[in-house]
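Reading the structure
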Protein chains: 2
Amino acid sequence: MDKLYTITELTREFGISTRTLRFYEDEGLVNPERRGRTRLFRPSDRRIIQNILRGRRIGFSIAEIREIILAYKDPPGESGQLTLMMKRVSEKRDELKQKRKDIEDTITELDLIEEQCLTRLAEIGVGT
Amino acid sequence: MDKLYTITELTREFGISTRTLRFYEDEGLVNPERRGRTRLFRPSDRRIIQNILRGRRIGFSIAEIREIILAYKDPPGESGQLTLMMKRVSEKRDELKQKRKDIEDTITELDLIEEQCLTRLAEIGVGT
DNA sequence: CCGCGCATTGACTTTTACGTCAAGGTCAAT
DNA sequence: ATTGACCTTGACGTAAAAGTCAATGCGCGG
């Protein structure tokens, strides 16, 4: 049935503000239909928003997110452009792998902090 | 031999600016010695800087990074504080796990884009 | 002694990603 | 017809994390 979403429906679903969605439109990330001046978001817009939010969570800038979205929508037709894009994709992937390692190391560190807390708690618990 | 590092040595090693290191000092994240007014960073400072940069890469704010550094240095002595901290640690860990999943999904997506590029390239290559 | 490179502080500026008004249009229900 | 919910555009404000600029100091090779 291809439901259309109003702006506030989506802000509620994703916990973001209307300002944020309008901003994403200004940035050319989403292109909702209009009934009069009112925005109506398609399922495809909704999916893009999910992508944006994911990108945001992992620290991509709007420009980077836009680049990925565009790359996905219409990969360039020219050979040189394609090769260039594959280089950029490869770089991004390396960056993400580094980030994943950073996260894993930090999780380990958090585990350590937690352990220290437990130890201290036990000491205190025994002492009193 | 406990080498001491000048500010520019470290900026070169880590690819950051002197302004950044001074900013981190203002924020209380590092405490270099002083010979006169000149900063001399100890190996411990250097390690903290590595931690800061790692935190930065995974999107932690300076405030969050400071919190983790402090938690690691001196875990609080009081029972309530300890329990509180463990809750915060647990939250951060969940956040990081979500982030790791986001990263893995995005890597998968990048793989897909790359594949599309390769397909297009093959098509072009054959056609010409 | 002069200039060079490296160091300092302090103040002002910038960028990103929105938040926050202001001022008003539309429509359904009361 | 007024209230209230929801929508709009446009302009201005803000916080974080530095960048940039100005003015200055210190030690050293030539």
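First things first, this report covers the structure right here in the doc. None of these values were measured; they are calculated from a predicted model.

Notes on the relation of the copies chain B and chain A
Aligned on chain A, chain B shows an RMSD of 0.2 Å; the corresponding rotation is 179 degrees and the shift along the axis is 0.0 Å. Look at the turn and shift together and you get a two-fold axis relating the two.

What about the packing of aromatic side chains?
Any pair of aromatic rings gets described here by the distance separating the centres and the angle formed by the planes. Under the definition given, this model contains two aromatic pairs over all chains. On the basis of an interplanar angle of 50 degrees and a centroid distance of 5.9 Å, the ring pair of Phe23(A) and Tyr24(A) is categorised as tilted. Tyr24(A) sits in the buried class, given a relative accessible area of 2%. Against the face of Phe60(B) rests Lys92(B), its NZ or CZ located 5.4 Å from the ring centre.

Topic: the environment of Ile48(A)
Residues and elements named next belong to chain A. Among the structural elements, Ile48 can be located in helix H3 (residues 43–57). For Ile48, a relative accessible area of 17% corresponds to the buried category. Expressed as a C-alpha distance, the spacing of Ile48 and Leu29, which sit 19 residues apart in the sequence, is 7.7 Å.

Comments concerning the protein's contact with DNA strand D
Close to DNA strand D lie 17 residues, the nearest being Thr8(A), Arg39(A), Ser17(B), Tyr24(B) and Arg56(B). Each atom of DNA strand D within 4 Å of the protein was assigned to sugar, phosphate or base; sugar and phosphate come to 80%. Within the side chain of Arg19(B), one N or O atom sits 3.3 Å away from a base oxygen of DNA strand D. At 2.8 Å from a phosphate oxygen of DNA strand D is found a main-chain nitrogen or oxygen belonging to Ile62(B). The set of elements that each furnish at least two residues to the surface near DNA strand D consists of helix H1 (7–14) and strand S2 (38–40) of chain A together with helix H2 (18–26) of chain B. Residue composition of the surface near DNA strand D, grouped by class: four nonpolar, six polar and seven charged.

Basis of the calculations
- Think of each chain on its own: its residues are numbered from 1, step by step along the sequence as written.
- As they are written, the chains are lettered A onward and the ligands numbered 1 onward, keeping that order.
- Predicted model: local features are reported for residues with pLDDT of at least 70 only, side-chain atom pairs are reported and counted for 80 or more only, and whole-chain, interface and lining totals are derived from all residues.
- Side-chain measures were taken over the full set of non-hydrogen atoms in the model, leaving aside hydrogen atoms and water.
- What sets the superposition is a least-squares fit of C-alpha atoms, and only residues with pLDDT of at least 70 in both copies go into it.
- Stacked, tilted and edge-to-face are the three classes applied to pairs of Phe, Tyr and Trp rings, where Trp contributes its six-membered ring and a pair requires centres within 6.5 Å; stacked means planes under 30 degrees apart, edge-to-face means over 60, and tilted covers the rest.
- We call a residue buried when its accessible area falls under 20% of the maximum for its residue type, exposed when it is over 50%, and partly exposed in between, using a 1.4 Å probe and counting protein chains only.
- We call a charge positioned above a ring when the Lys NZ or Arg CZ atom is no farther than 6 Å from the ring centre and deviates by at most 35 degrees from the ring normal.
- Where helices and strands are cited, they refer to DSSP runs of H or I of at least four residues and of E of at least two residues respectively, numbered from the N terminus.
- Residues are counted as near a molecule or strand when any one of their heavy atoms sits within 4 Å of it.
- Polar contacts here mean pairs of N or O atoms no more than 3.5 Å apart (in protein, one a potential hydrogen donor and the other a potential acceptor; neighbouring residues in sequence count only if both atoms are side-chain atoms).
- Amino acids outside the nonpolar list (Ala, Val, Leu, Ile, Met, Phe, Trp, Tyr, Cys, Pro) and the charged list (Asp, Glu, Lys, Arg) are all regarded as polar, and Gly is one of them.

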